[in-house]
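Examination of the molecular architecture
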Protein chains: 2
Amino acid sequence: MNQIVFIPDGTVTSPQGFSAGAVCADIKKKGSKKLDLGILCSKEICAVAGLFTTNKIKSPSVVLCQQRVQNGKAKAIVANSGCANASTGEQGFADAKEMTTIAAKTIGAEPKEVLIANTGVIGIKLPMDVIRKGLKQIKPTPKGGHDFEQSIMTTDTMLKEVAITVKSGKSSFTIGGVGKGSGMIHPNLATMLVFLTTDANVTPVFLKKALREASAISFNMISVDGDTSPSDTLLIFANGLAKNEPIAAKSPLAEVFQQALNQVCVYLAKAIARDGEGATKLIEVNVKGAVNLKEARSAARTIVSSNLLKSAVYGNDPNWGRVTAALGRSGAHVEESKLDVYMGAVPVFKQGEPVAFDKTKAVKVLKQKEVPITVQLNLGSAEATAWGCDLTEQYVKINAEYTT
Amino acid sequence: MNQIVFIPDGTVTSPQGFSAGAVCADIKKKGSKKLDLGILCSKEICAVAGLFTTNKIKSPSVVLCQQRVQNGKAKAIVANSGCANASTGEQGFADAKEMTTIAAKTIGAEPKEVLIANTGVIGIKLPMDVIRKGLKQIKPTPKGGHDFEQSIMTTDTMLKEVAITVKSGKSSFTIGGVGKGSGMIHPNLATMLVFLTTDANVTPVFLKKALREASAISFNMISVDGDTSPSDTLLIFANGLAKNEPIAAKSPLAEVFQQALNQVCVYLAKAIARDGEGATKLIEVNVKGAVNLKEARSAARTIVSSNLLKSAVYGNDPNWGRVTAALGRSGAHVEESKLDVYMGAVPVFKQGEPVAFDKTKAVKVLKQKEVPITVQLNLGSAEATAWGCDLTEQYVKINAEYTT
């Protein structure tokens, strides 16, 4: 029997052997008093896997981090908010290296065992004087997960933290995670940082495969492929302190580990989507009956990222024509005469004909904090879910005044 | 010597032999008193060419129009605003046919010589009672172009009309056009209707080729490929009354005709981009030095349709990181160390390094009604221009309250 249980107040330091800490180094804004520089580390060396932005302009920090993840082993990550260290030329690469070297000294590790991520304004160099000073003051503790999460937030308004414990036979292990997103997530860039930890013993090869699979149904379903910022980073550290039999592709624990990792990632992905800049609600688009998985995913993502639909959901306007219009340009096979569309449980379009639906009921669905929209293509058996948020005047305000 | 001259107050009825008229049929909103039903026609049969939405869900009217354009000949178009006749099932097809039949009677033509286009809310059936009545009242005249333009507008706030006269040797002819757009144009759907007329004598084959070429550098550069509504329609009618030698691929007049048509289309495309919903300014993105034309176009379109950049331009914020971030995910080859970015004439990024630019100067550029942004990739010789508008709170307001 497998048990998967969410830990109350769980975070990235919930798995055994992980510590974190953060300080306010005044990278964000002088006098903001906000945490903006943090370290997350394991007392033992970890198997590590990562997925990075596909943007052709990557920050020097991402380039450095990618190189080091290729070793398959790491012990820590140093991160900051307020400055993305992107488009900063050669100096940016030197600064990234120095940041990891100082962090390594602080926690007693080798520089090559320390990864890095930054988020914030593009094109501004890292303020290394305050970073040097700040890094020396960080004292990671097993309770530091919440502080670390705060130190990577930018326009995020909610903490995005989770941890779950898995019991399977005599084995038990924990997976934790923190994330930051905001921005409208899609169709545009918003730097997404997600750091996952586990005390499970996992082979590096399986860890990478599992991360890719979990990401495909979670973070990739809130962010249209390729629409990534210069800094997007997703990392998982596995330190093995749970002492389970190593989990590899066909191990007895492989399936439950994947299942638990999927849950952690979907939880964080939804939290990121819900907290899009200026957002007031979460939109969940379920596409069913697609010809294949690729088309189901593409259709769900295209619908959930339609600016027109996002605006209509904000205005509680059951304008389902914006659902079908987005579907039609998603590239997925569609036969209008077979198509059904639902707002919540309310059918609004059936077999190619508009339904004379009860508008009050549909508006009630749209007024919920979570708005489910279902599209049944009736062509095949593939399905996918994508998440997004509504588009509000507040989004425009935030982004019109970001750097100034 | 060729002369291409814009006609003051020119419109779609400026070329010889074209008439138009419109009425208020109360399709938009009862008591709005706005023109919403119109006919544009030629006294002689025309060579005709069209380009249509690539959306897999096409309105029944588009399906009918596409069929009839394949004949290569037509005499008129009947159009309305307020109801898109999209996702209206079989009834929608019957209604579209009836509309053209009544319009044909009004002007004395065959139903198959009459094309059709509709724009407005999706999923609502055409109010045929008021349309039948309205169509019988329309009296097309050579001065009716302005009225016709008004009858196809939805949330448009400005008329989009143009006409130019071409003189080449002993030949002279005129090309006119009207359009409607609005919506944010990209990255989402906004129904775009553009109707062009000319009294030039043009072979149907060349007319189609010329329309495709003009569209590629104009309407396709304000609307990301494939991101089209169920109703997008671009048509050109050529009635030959200018009596010039027929223009075909290698005729003496072919080049000047193409040049003039390009100018008409770029004029209308910019007018459509400038009048995006809630927009306060036009953004023009020039991409230079790309590896090939496809990449130049893709890069220019991706940058101009970034919600983050559009918001920054609205806020007069010279946040050029949003230009490079969008460029990086456009699919175009980029080498950051060779890249230059300009806001107007102000260099903000040179050869991979941020420039310490004068912020006041950059803000001044952003405060203009037309904001030019230039990206020099320094990799090849291909270049392209794309147009868009800023993203404002007003866009969200308009689209949150559209059908309700």
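Keep in mind the model is a prediction, meaning the values are calculated, not measured.

With that out of the way, let us pick up the overall build of chain A. When you go through chain A residue by residue, the secondary structure sums to 11 helices and 15 strands. Expected size for 404 residues packed as a compact globule is a radius of gyration near 22 Å; at 22 Å, chain A falls within 12% of this value. For chain A, the spread of C-alpha atoms along the three principal axes comes to 65 × 55 × 35 Å. Across the 404 residues in chain A, those meeting the buried criterion constitute 62%.

Below, the discussion takes up the domain arrangement of chain A. Residue and element names in this part refer to chain A. Taken domain by domain, chain A comprises domain 1 (2-274) and domain 2 (282-400). Taken together, the contact between domain 1 and domain 2 spans 12 residues of the former and 13 residues of the latter. Class assignment of the residues belonging to the side of domain 1 that touches domain 2 gives a composition of eight nonpolar, two polar and two charged.

What follows covers helix α9 (residues 321-328) of chain A. Burial analysis of α9 of chain A places eight of its eight residues in the buried class, which makes it a mostly covered element. The complete set of buried residues in α9 of chain A reads G321, R322, V323, T324, A325, A326, L327 and G328 of chain A. Tucked into the core, α9 of chain A has its buried residues touching α7 (293-304), α8 (307-314), β11 (340-343), β12 (346-350) and β14 (370-376) of chain A together with β5 (114-121) of chain B.

Below, the discussion takes up unusual backbone geometry. Residue and element names in this part refer to chain A. With a phi close to 60°, K243 is a non-glycine residue in the positive phi region. Take K243: it is sitting in the loop between β9 (233-238) and α6 (254-274). Its 12 C-beta neighbours within 10 Å are what place K243 among the exposed residues. You will see that N316, though not glycine, has its phi angle at about 55°, which is positive.

Residues and elements named next belong to chain B. Judged by how many residues are buried, strand β15 (residues 382-389) sits mostly within the fold: six of eight residues are covered. Where strand β10 (residues 282-290) meets β15, seven bridges bridge the pair, whose relative direction is antiparallel. Residue pairing for β15: E284 is matched across the bridge by W387.

For the rest of this paragraph, the subject is the sheet that holds β15 of chain B. All names here are of chain B. The six strands lie next to each other as β13-β12-β11-β14-β10-β15, forming an open sheet whose pairing is mixed. The open sheet terminates on both sides in strands that have one partner only, identified here as β13 (353-354) and β15. Sheet analysis places strand β12 (residues 346-350) next to β13, joined by two bridges and oriented antiparallel. Bridge pairing links F349 to P354 in β13.

This part takes up the sheet that holds strand β10 (residues 282-290) of chain A. All names here are of chain A. The sheet built from six strands is open, its strands ordered β13-β12-β11-β14-β10-β15 with mixed pairing. Both outer strands of the open sheet, β13 (353-354) and β15 (382-389), are each paired with one neighbouring strand and no more. Those strands touched by α6 are β10 and β15, and its axis lies near 40° from that of β15.

Before going further, it helps to spend a moment on helix α8 (residues 307-314) of chain B. The element α8 of chain B is largely enclosed, with a buried count of eight among its eight residues. For α8 of chain B, the set of buried residues is N307, L308, L309, K310, S311, A312, V313 and Y314 of chain B.

Moving on to the packing of α7 of chain A against α9 of chain A. Residue and element names in this part refer to chain A. Orientation of α7 relative to α9, taken along the N-to-C sense of each, is 135°, at an axis distance of 8 Å. The angle between the axes of α7 and α9 places the two elements in the oblique class. For the element pair α7 and α9, the recorded crossing hand is right-handed. From α7, A299, T302 and I303 reach across to α9, where they touch V323, A326 and L327.

Looking now at the pairing of strand β8 (residues 193-198) of chain A. Residues and elements named next belong to chain A. Burial of β8 is extensive: six of the six residues sit out of reach of the surface. Of the two faces of β8, the one carrying L193, F195 and T197 and the one carrying V194, L196 and T198 are both buried. Across six bridges, strand β7 (residues 171-180) lies against β8 in antiparallel orientation. The residue of β8 that forms the bridge with I175 is T198. Where β8 and β9 come together, six bridges link them in parallel fashion. When the sheet's bridge partners are listed, V194 is paired in β9 with L234.

Residue and element names in this part refer to chain A. Viewed as axis vectors pointing N to C, helix α5 (residues 204-217) and α6 meet at an angle of 45°, and their least axial separation amounts to 9 Å. Comparing the axis directions of α5 and α6 gives the class oblique. Read as a crossing pair, α5 and α6 show a hand that is right-handed. Where α5 abuts α6, its residues F206, A210, E213, A214, S215 and I217 lie against A254, F257, Q258, L261, N262, C265 and V266. For the contact of α5 with α6, the per-class residue count stands at nine nonpolar, three polar and one charged.

The next point concerns the environment of V375 of chain A. Residues and elements named next belong to chain A. With respect to the element layout, V375 can be found in strand β14. Taking the C-alpha atoms as reference points, V375 and L308, 67 residues apart in sequence, are found 17 Å from one another. What V375 contacts, discounting residues up to four positions off in sequence, is V287, K288, A299, I303, V323, L327 and V341.

The subject of this paragraph is the confidence of the model for chain A. Residues and elements named next belong to chain A. Averaged over every residue, the pLDDT of chain A is 92; the share at 70 or more is 95%. Helix α11 (residues 393-400) is the least confidently modelled element of chain A, averaging 73 in pLDDT, while strand β2 (residues 18-23) averages 98, the highest of any element. Confidence drops under a pLDDT of 50 for residues 185-189, and excluding neighbours within four residues, the segment shows 30 contacts in the predicted structure.

With respect to the helices and strands, the residue G82 of chain A is situated in strand β4 (residues 73-83). A C-alpha to C-alpha distance of 8.7 Å links G82 of chain A and M153 of chain A, two positions 71 residues apart in sequence.

The next subject is the environment of T203 of chain A. All names here are of chain A. Take T203: it is sitting in the loop between β8 and α5. On the neighbour-count criterion, T203 (17 C-beta atoms within 10 Å) is partly exposed. Taking the C-alpha atoms as reference points, T203 and Q3, separated by 200 residues in sequence, lie 22 Å from one another. Ignoring anything within four residues of it in the chain, the contact list for T203 reads A47, P246, I247 and A248.

Calculation notes
Residues numbered from 1 in each chain as written. Chains lettered and ligands numbered in written order. Predicted model: local features only at pLDDT ≥ 70, side-chain atom pairs only at ≥ 80, totals over all residues. Helix = DSSP H or I, 4+ residues; strand = E, 2+ residues; numbered from the N terminus. Rg over C-alpha atoms; globule rule 2.2 N^0.38 Å. Buried ≥ 20, exposed ≤ 12 C-beta atoms within 10 Å, placed from the backbone. Domains from an automatic or database assignment. Contact = placed C-beta atoms within 7 Å. Nonpolar A, V, L, I, M, F, W, Y, C, P; charged D, E, K, R; others polar. Pairing = 2+ DSSP bridges. Axes fitted to C-alpha atoms, helices over the stretch in contact; angles between N-to-C directions. Parallel < 35°, antiparallel > 145°, perpendicular 65-115°, else oblique. Left-handed = near helix turned anticlockwise from the far one by under 90°. pLDDT = per-residue confidence, 0-100.

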